Amino acid sequence: MAGHVLIIDYGSQFTQLIARKTRALGYYAEILPAGLSLSEPLYEKPGAIVLSGGPASVSDKGAPTLDPLILETGLPILGICYGMQLLAQNLGGRLSQEAHGEYGPADFYPLGSSPLWEAFRGAKSTKVLMSHGDRVEELPEGFEITGKTRDLPIAAMSQENKKIHALQFHPEVHHTEHGDKILECFYKDAGLSPNWRMSSFAVEAVEQISRTVGPDKKVLCGLSGGVDSTVAAALLARAIGDRLYCVFVDNGLLRLNEVDEVATALNEVYPFMNLIVVDASTMFLKRLKDVSDPETKRKIIGHTFIEVFSQEAKKLGKVDFLAQGTLYPDVIESISPQGPSALIKSHHNVGGLPKELNFTLIEPLKYLFKDEVRSLGATLSIPDSLLWRHPFPGPGLAIRIIGPVDEESLDLLRQADSIVQQELKNFALDREIWQAFAVLLPVHSVGVMGDGRSYGKVVAIRAVTSVDAMTADWARLPDELLARFSSRIINEVNGVNRVLYDISSKPPSTIEWE
């Protein structure tokens with residue numbers, strides 16, 4: 001697509017956020033792995049180039065380098081963090097490595113008249129997120145300093161006649177004030193027009209699925225009833241009609257009454273999806289017995305899901321494709337398909353899958369974020385009752401029980417989690433909160449119940465606000481609601497005598513505990 005934004009991925013955990021922000025602004029974006037050349041015929045000429053951040057130091061042996069063709073295009077360029085350092089290194093500047101780096105929020109002071117600062121023109125400073133170890137000590141020839149922080153004299157630089165700009169901070173993350181406006185200012189300065197919409201993605205995705213599957217093959221879709229798999233299934237249904245078979249697996253790790261509620265809702269709204277409900281709870285729980293390590297749990301669950309899907313596929317005759325509602329946060333935390341980013345944890349439907357599959361995977365949402373998926377779902381006319389369900393992990397309650405999984409712990413956690421969901425709705429906060437749930441901890445606590453000593457289990461409650469799940473903050477819930485959580489769980493869930501509230505953000509924590 002001529003005139004689009006090409007993002008070169010150097011392995012940052014935030015690379016896809018640049019694409020998400022860019023698309024949200026109406027500019028089409030695609031990502032090119034740093035190891036591929038800009039000369040690859042797969043990629044049409046873009047209208048602007050963004051160089052992402054990355055975990056490496058530019059001085060490291062084997063660190064990703066800048067394709068020289070990028071500087072020869074004459075296109076507008078925005079370097080972010082590692083991208084800024086690469087520009088400085090390749091254009092004659094000088095870098096140094098800081099002893100401790102700079103991580104977290106910082107006050108950024110704009111300098112000069114850079115077109116990127118139109119978003120907050122007149123402000124003395126703005127909050128930004130820093131995450132870097134290297135720094136630019138001397139500017140390349142023709143550049144000027146366009147911003148600083150208290151500890152960093154060169155926090156932004158520009159060569160405005162060539163429309164080359166570089167930022168040491170990350171404008172793509174939610175915690176940088178005016179970050180989306182800074183990106184928008186760059187695209188406007190580059191002469192791009194905001195003419196991309198989610199409806200365009202829907203049309204392209206349906207066409208791609210149709211080409212991939214062909215005119216007569218079948219697709220098995222792992223459907224959980226969550227927004228991701230539901231939207232994926234809706235796209236597939238548009239593309240291949242009744243050759244889609246959706247399998248909802250009861251793995252014994254679901255929330256209270258979830259099997260009946262999800263099956264009923266999906267059959268009412270989407271009877272054409274050929275929904276098959278499989279009770280495989282005994283198989284899953286048997287394989288998880290006495291397993292405490294979270295990575296092992298995820299891999300067991302991923303392998304078992306594939307086994308169940310394979311069994312169901314045999315009943316349908318030849319099935320060539322398996323579809324999943326994998327999102328980009330799942331992919332980037334498990335593996336890095338676009339660059340050398342760090343592994344955070346395996347997701348059951350990504351890093352937890354067996355190396356040898358009997359299916360070809362179709363993952364139409366794997367470069368989208370949750371908010372984009374909801375936007376796509378609205379485009380596909382999916383009802384709000386399905387579109388706005390709180391995210392629920394594929395491994396289910398197995399990763400919310402810290403330690404071995406057994407029936408007693410699952411029953412206890414289901415009851416506690418149901419109370420959390422009920423009270424959140426009672427306080428009309430279920431739409432405002434991104435995700436809220438209960439976690440069963442592997443500890444006991446001394447208490448007093450009925451004038452006697454108790455030695456009960458401990459439940460933690462996690463509630464976060466977020467835009468894209470890549471970063472999240474703990475929700476400042478009303479004291480009355482927290483008190484209601486505690487009172488109901490301790491009084492209604494037998495065996496619990498203490499309730500905690502998790503006040504950690506992502507990063508450094510993840511949203512789920514395991």
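Above: the structure in question.
First things first, this report covers the structure right here in the doc. The residue count restarts for each chain, going from 1 along the sequence in the order it is written. Reporting of local features is limited, given that this is a predicted model, to residues whose pLDDT is at least 70; pairs of side-chain atoms are given and counted only at 80 or more, and all residues count toward the totals for whole chains, interfaces and linings. Side-chain figures throughout are based on the complete set of non-hydrogen atoms in the structure, without hydrogens or water.

### Thoughts on helix H9 (residues 294-315)
- Between its terminal C-alpha atoms H9 stretches 32 Å, which fits the 32 Å expected from 22 residues at 1.5 Å a residue.
- Between the side-chain oxygen of the N-cap and the backbone nitrogen of Glu295 there are 3.3 Å, and the N-cap of H9 in question is Asp293. Here a helix means four or more residues in a row that DSSP labels H or I, a strand means two or more in a row labelled E, and each is numbered from the N terminus. Helices are assigned an expected span. That span is 1.5 Å times one less than the residue count. Here a polar contact is recorded for every N or O atom pair within 3.5 Å, except that within protein the pair must consist of a potential hydrogen donor and a potential acceptor, and residues adjacent in sequence are included only if both atoms are side-chain atoms.

### Overview of the environment of Ser125
- In this structure, Ser125 sits in the loop between strand E5 (94-110) and strand E6 (126-138).
- For the pair Ser125 and Pro110, spaced 15 residues apart in the sequence, the C-alpha separation amounts to 6.6 Å.
- Beyond its immediate chain neighbours, meaning those up to four positions away, Ser125 contacts Phe108, Tyr109 and Pro110. Here a residue-residue contact requires only that any non-hydrogen atoms of the pair lie within 4.5 Å.

### Brief notes about the sheet that holds strand E12 (residues 275-279)
- Two strands are counted as paired when DSSP detects at least two bridges linking them. Here five strands make up an open sheet; going across it, the order is E12-E11-E10-E13-E14 and the pairing parallel. For this open sheet the edge positions go to E12 and strand E14 (360-362), each flanked by a neighbour on one side alone. Across the sheet, the mean angle from the axis of one strand to that of its neighbour is 30°, orientation sign disregarded.
- Bridging between strand E10 (residues 219-222) and strand E11 (residues 244-250) involves four bridges; their strand directions are parallel. Bridge assignment links Val219 to a residue of E11, and that residue is Leu244.
- Packed on one face of the sheet, helix H6 (residues 227-240) meets E10, E11, strand E13 (321-323) and E14 and runs near 165° to E10. To get an axis, fit a line to the C-alpha atoms, keeping to the stretch in contact for a helix; angles then go from 0 to 180 degrees between the N-to-C directions.

### A look at the packing of aromatic side chains
- Each aromatic pair joins two rings of Phe, Tyr and Trp (for Trp, the six-membered one) with centres within 6.5 Å, and gets the label stacked for planes under 30 degrees apart, edge-to-face for over 60, and tilted for any other angle. Summed over all chains, the structure comprises ten aromatic pairs.
- Relative to Trp196, the ring of Tyr28 has its centre 5.8 Å away and its plane inclined at 50°; by these criteria the two rings are tilted. In this pair, Tyr28 is assigned in the loop between helix H1 (15-24) and strand E2 (29-33) and Trp196 in the loop between helix H4 (179-189) and helix H5 (198-213), connecting sequence segments 168 residues apart.
- A ring pair is formed by Trp117 and Phe120, whose centres lie 5.6 Å apart and whose planes are at 35°; its orientation type is tilted. There is no split in this pair, since Trp117 and Phe120 are both buried.
- A network of ring pairs unites the aromatic residues Phe108, Trp117, Phe120 and Phe169 as a single cluster.
- We count a charge as sitting over a ring when the NZ of a lysine or the CZ of an arginine lies within 6 Å of the ring centre and within 35 degrees of the ring normal. Sitting above the plane of the Phe437 ring, Arg400 keeps its charged end 3.8 Å from the centroid. Throughout this description, buried means an accessible area under 20% of the type-specific maximum (1.4 Å probe, protein chains only), exposed means over 50%, and partly exposed covers the range between.

### Some thoughts on the pattern of salt bridges
- Criterion for a salt bridge: a side-chain nitrogen of Lys or Arg within 4 Å of a carboxyl oxygen of Asp or Glu. Summed over all chains, the structure comprises 25 salt bridges.
- The partner of Asp320 in a salt bridge is Lys318, and the shortest N-O contact between them spans 3.3 Å.
- Here Arg488 ties to Glu423 by a salt bridge, and the two come within 2.9 Å at their closest N and O atoms. Highlighted residues: Arg488 in helix H14 (residues 479-492) and Glu423 in helix H13 (residues 407-426), separated in sequence by 65 residues. Both residues of the pair, Arg488 and Glu423, belong to the buried class.
- Members of the salt-bridge network, linked through shared partners, are Glu423, Arg484, Arg488 and Glu492.

### Digging into the packing of H5 against H6
- Here H5 crosses H6 at 60°, and the two axes come no closer than 9 Å. Relative to H6, the element H5 lies oblique. At the point where H5 passes H6, the crossing takes the right-handed sense. Across the interface between the two elements, Ala202, Ala205, Val206, Ile209, Ser210 and Val213 from H5 touch Leu235, Leu236, Arg238, Ala239 and Ile240 from H6.
- Under the scheme applied here, ten amino acids are nonpolar (Ala, Val, Leu, Ile, Met, Phe, Trp, Tyr, Cys and Pro), four are charged (Asp, Glu, Lys and Arg), and all others, including Gly, are polar. Split by residue class, the contact of H5 with H6 holds nine nonpolar, one polar and one charged. Under this scheme an angle from 65 to 115 degrees is roughly perpendicular, one under 35 degrees roughly parallel, and one over 145 degrees roughly antiparallel; angles in between are oblique. Crossing handedness is defined as follows: a turn of the near helix away from the far one that is anticlockwise and smaller than a right angle gives a left-handed crossing, while the clockwise case is right-handed.

### Describing the packing of helix H8 (residues 281-288) against H9
- Running from N to C, H8 and H9 point in directions that differ by 150°, and their axes come no closer than 10 Å. The pairing of H8 with H9 is recorded here as roughly antiparallel in orientation. Considering only the axes of H8 and H9, their crossing is right-handed. Here Met283, Phe284, Arg287 and Leu288 of H8 lie close against H9, whose contacting residues are Lys297, Ile300, Ile301, Thr304, Phe305, Glu307, Val308 and Gln311.

### A short note on unusual backbone geometry
- Cis rather than trans, the peptide bond between Lys506 and Pro507 has omega equal to -15°.
- For Pro507, the position within the fold is in the segment after strand E18 (496-501).
- Residue Pro507 is joined to Pro508 through a cis peptide bond whose omega torsion reads 10°.
- Structurally, Pro508 is set in the segment after E18.
- Although it is not a glycine, Asn274 sits at a positive phi angle of roughly 50°.
- Looking at where Asn274 falls in the secondary structure, it is placed in the loop between helix H7 (258-269) and E12.

### Re the environment of Gly452
- Structurally, Gly452 can be placed in strand E16 (residues 452-466).
- For Gly452, a relative accessible area of 24% translates into the label partly exposed.
- In sequence terms Gly452 and Val128 are 324 residues apart; their C-alpha atoms lie 53 Å from each other.

### A few points about the pairing of strand E9 (residues 164-167)
- Residues of E9 alternate between two faces, with Ile164 and Ala166 on one and His165 and Leu167 on the opposite face, all of them buried.
- Pairing geometry for strand E4 (residues 77-80) and E9, over four bridges, is parallel. Paired with Gly79 across the two strands is Ala166, which belongs to E9.
- In sequence, strand E8 (residues 156-159) turns back onto E9 through a hairpin of four residues, with Lys163 there showing a positive phi of about 55°.

### Notes on the pairing of strand E3 (residues 48-51)
- Residues Ala48 and Val50 of E3 are buried on one face, and the alternating residues Ile49 and Leu51, pointing to the opposite face, are buried as well.
- Relative to E3, strand E1 (residues 5-9) is paired through four bridges, and the arrangement is parallel. The residue bridging Val5 from the neighbouring strand is Ala48, located in E3.
- For E3 and E4, the ladder comprises three bridges, and the chain directions are parallel. When the bridges of E4 are listed, Ile49 appears paired with Ile77.

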